[in-house]
Amino acid sequence: MPDSPSALEDLWLRGVAANTGAPAGVLLRLLDPDVCEAWRILCEQRSLPQEVMDAAVAHPDAKVRRSFARNPHVPASQRARLVDDPHSFVRARVASGPHPRPRQPQPLPDEALVFLLTAEDGGESGLLTAGEIMQELVSSYQIPASFRLRMLGHEHPALRIFASHPWSWLTPEQRTALLTDPHPDVRASAGRSARTEDPAAMEAELPEHACHHRWMILNNYALSDAVVEACLADPECRWSLAGNPYTPRHAFARLARDEDPKVRERVAGRADLDPALWAELAEDSDERVRTRARVQPLPRTTAQCEAVDHEMGQGPYDCWCPILEPYEEPDLDWYRACAVSEEVVLRRAAARCATLPADLVLRLARDPDEEVRHRLAAWHPLAPAAIVLEAFVARPAQRPHLLTQSRLPRTGLAHLLGHEDPEVRALAAADPTGRAPVALLTDPDAHVRRAAAANPLFSADTLETLLRDPATAEGAAANPGLSAARLHALLDSARLPR
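Residues numbered from 1 in each chain as written. Predicted model: local features only at pLDDT ≥ 70, side-chain atom pairs only at ≥ 80, totals over all residues. Heavy atoms only, no water.

Asks: I would appreciate a short explanation of the packing of aromatic side chains in the present structure.
Replies: Describing an aromatic ring pair means giving the distance of the ring centres and the angle of the ring planes. Evaluation of the coordinates by the stated rule reveals 2 aromatic pairs. Seen from their ring centres, W334 and Y335 are 4.9 Å apart, and the 70° between their planes marks the pair as edge-to-face. Of the two residues, W334 and Y335, neither departs from the other in class, the shared state being buried. Note that R352 overlies the ring of W379, its terminal NZ or CZ placed 4.7 Å from the centroid. The ring of F392 carries R399 above its face, with NZ or CZ at 5.2 Å from the centroid. (Phe/Tyr/Trp six-rings, centres within 6.5 Å; stacked < 30°, edge-to-face > 60°. Buried < 20%, exposed > 50% of the residue type's maximum accessible area, 1.4 Å probe, protein only. Lys NZ or Arg CZ within 6 Å of the ring centre and 35° of its normal.)

Asks: Got a minute to help me understand the layout of surface pockets in this structure?
Replies: If a probe the size of a water molecule is rolled over the atoms, the empty space left behind becomes visible. Reported here for the second largest pocket is a volume of approximately 2,200 Å³. As for the second largest pocket, its lining consists of 50 residues, and the residues nearest its centre are Q45, R46, H73, L403 and R410. Listing elements by their share of the lining of the second largest pocket, those giving two or more residues are α1 (7-18), α3 (39-44), α6 (76-79), α28 (399-402), α29 (422-429), α30 (446-453) and α32 (473-477). When its residues are assigned to classes, the lining of the second largest pocket shows 22 nonpolar, 14 polar and 14 charged. (1 Å grid on protein atoms, 1.4 Å probe; cavity = no way out; pocket = protein on both sides within 12 Å on 5 of 7 lines; lining within 4 Å. Points joined across faces, edges and corners; volume = space filled by probe spheres on them. Helix = DSSP H or I, 4+ residues; strand = E, 2+ residues; numbered from the N terminus. Nonpolar A, V, L, I, M, F, W, Y, C, P; charged D, E, K, R; others polar.)

Asks: It is not clear to me how a negative patch on the surface should be interpreted in this structure. Could you clarify?
Replies: A contiguous patch of negative charge on the surface is contributed by E120, D121, E132 and E136. As for its placement among the helices and strands, E136 is situated in helix α9 (residues 130-138). (Patch = residues over 30% accessible without salt bridge, like charges linked within 9 Å, V, L, I, M, F, W, Y side chains within 5 Å. Areas by Shrake-Rupley, 256 points an atom, 1.4 Å probe, with all protein chains shown as cover. Salt bridge = Lys/Arg side-chain N within 4 Å of Asp/Glu carboxyl O. Lys, Arg positive; Asp, Glu negative; His and termini not counted. Charge placed at Lys NZ, Arg CZ, Asp CG, Glu CD.)

Asks: Help me out: how do you make sense of the environment of L413 in this one?
Replies: Mapping L413 onto the fold places it in the loop between α28 and α29. C-alpha of L413 to C-alpha of D84: the two residues are 329 residues apart in sequence and 45 Å apart in space. Leave out the neighbours within four places in its chain, and L413 touches L389, L427, A428 and D431. (Contact = heavy atoms within 4.5 Å.)

Asks: How should the pattern of salt bridges be read in this particular structure?
Replies: Should the charged atoms of two oppositely charged side chains come close, the side chains can pair. By the definition in use, this model includes 32 salt bridges. R238 is the partner of D258 in a salt bridge, and the nearest nitrogen-oxygen pair spans 2.4 Å. Residue D258 is located in the loop between α18 (252-256) and α19 (261-268), and its partner R238 is located in helix α17 (residues 238-243); the two are separated by 20 residues in the primary sequence. Each member of the pair D258 and R238 is classed as buried. Across the salt bridge formed by R270 and D272, the nearest N and O atoms sit 2.9 Å from each other. Judged by its relative accessible area of 26%, D272 falls in the partly exposed class. If you follow the salt bridges from partner to partner, you end up with E311, R352, E370, E371, R375 and R395 in one network.

Asks: Any chance you could explain α29 here in plain terms?
Replies: Quick reminder: α-helices carry 3.6 residues per turn. Residues three or four places apart thus point the same way. Of all 8 residues in α29, 6 are buried, a share of seventy percent or more. When α29 is considered as a whole, its buried residues turn out to be V424, R425, A426, L427, A428 and A429. On the buried face of α29, the contacting elements are α27 (385-394), α28 and α30.

Asks: So what exactly am I meant to see when it comes to helix α16 (residues 225-232) here?
Replies: By the burial criterion, the buried members of α16 are V227, V228, C231 and L232. Looking down the long axis of α16, one finds its buried residues gathered within 135° of arc, a one-sided arrangement. The inward-facing, buried residues of α16 abut α14 (199-205), α15 (212-220), α17 and α18. (Arc of directions from axis to C-beta.)

Below, the structure written as structure tokens:
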């Protein structure tokens, strides 16, 4: 076994692992068992050439495969190659999805989803069951809505059961097919889902004390007259009743005059209000209640109401809700109208519509409300580069997502080199145009120093100096300006076998 690398040489290994200009032959050397410190950077934190992905998938050490299984920078189809790995922790990493979890998760291929959803226990490691791994998958946002619909006619009953959720999105014909399915387990599962629309069944199932199941029933499922009356008499339940889609219309008037403005606001956001009650709420004493009614004249759909509810609940744009494939196509005509509305809440809702046409994208990009612009930057694939950069600077919580977007400018950032925020300085330090960021080589923040030292504008002589300084060695080793021969020499100096 070779001697352990020194502290400086260890920094070189980490830097070479992150080097975007390193050829496959250099990166493959880093899969050596004696340099596991670089494995996580190489396999989990960057994109990779096909040869290196092949080697990671076939690597004998499960730690390498586990790191690769959660890499957010490689295609989902590559991660899916480990779906039948003999080690349960590797399969679980594929199922749980990339880390950190992207706001716009890439779905796994259908064949990988089918395998995980129908798998049985087995493999070298029995530390996790197939059921536990499946639960990781279900909560990972890697299953698109269209997959569930495609599975309604699948030959495997477990997939037809899976496709029966959520019940509310299914058509009457699809529900009937599941309720009369030839397999008893599918019929039983469909029957349990259908119970959510049975008031008597939900009354019998309603827990007496506060818990998640009680909350789910009161907010989402059919309620008997007795439960409705009990909720109307209980201040703790009226907010749930105000938003439940099955609440009878006769209860609206009482809820619309509740002493709690949050209850009235929730009633004001319902799609099934009658005009007289809508007009009453539009004149409510509470500003938020009035606004919630006013911004959406009748008629309106449930989907439209949900879009506005989301914006009414938002402050500065720090939303981290995932950007997922919808179960139904958005009403583009409604979003068009929102984009040109005088109501800022509606323009904010329009900014989150990823299919909004280019002319309205440009209009919203010039919106006087910065929250409209920031939502557009985070959600729309046609958002102009200028507002994406603006959102990056102004909204730290959005930076991990924006850094994955090709729309974020990587050049012309010299004006940000002196920014007070180190994450902004690090972005500017990596700008490969203009002048080399010499001043940032001594920045107090290590991330900024690494980004500066990795800038390809530095000369070969300067890079040699930076490689010998512990404060800049890792960044310099990540510099794509280093030749393959020099990168190999760094690995040789760290006593890494060829």
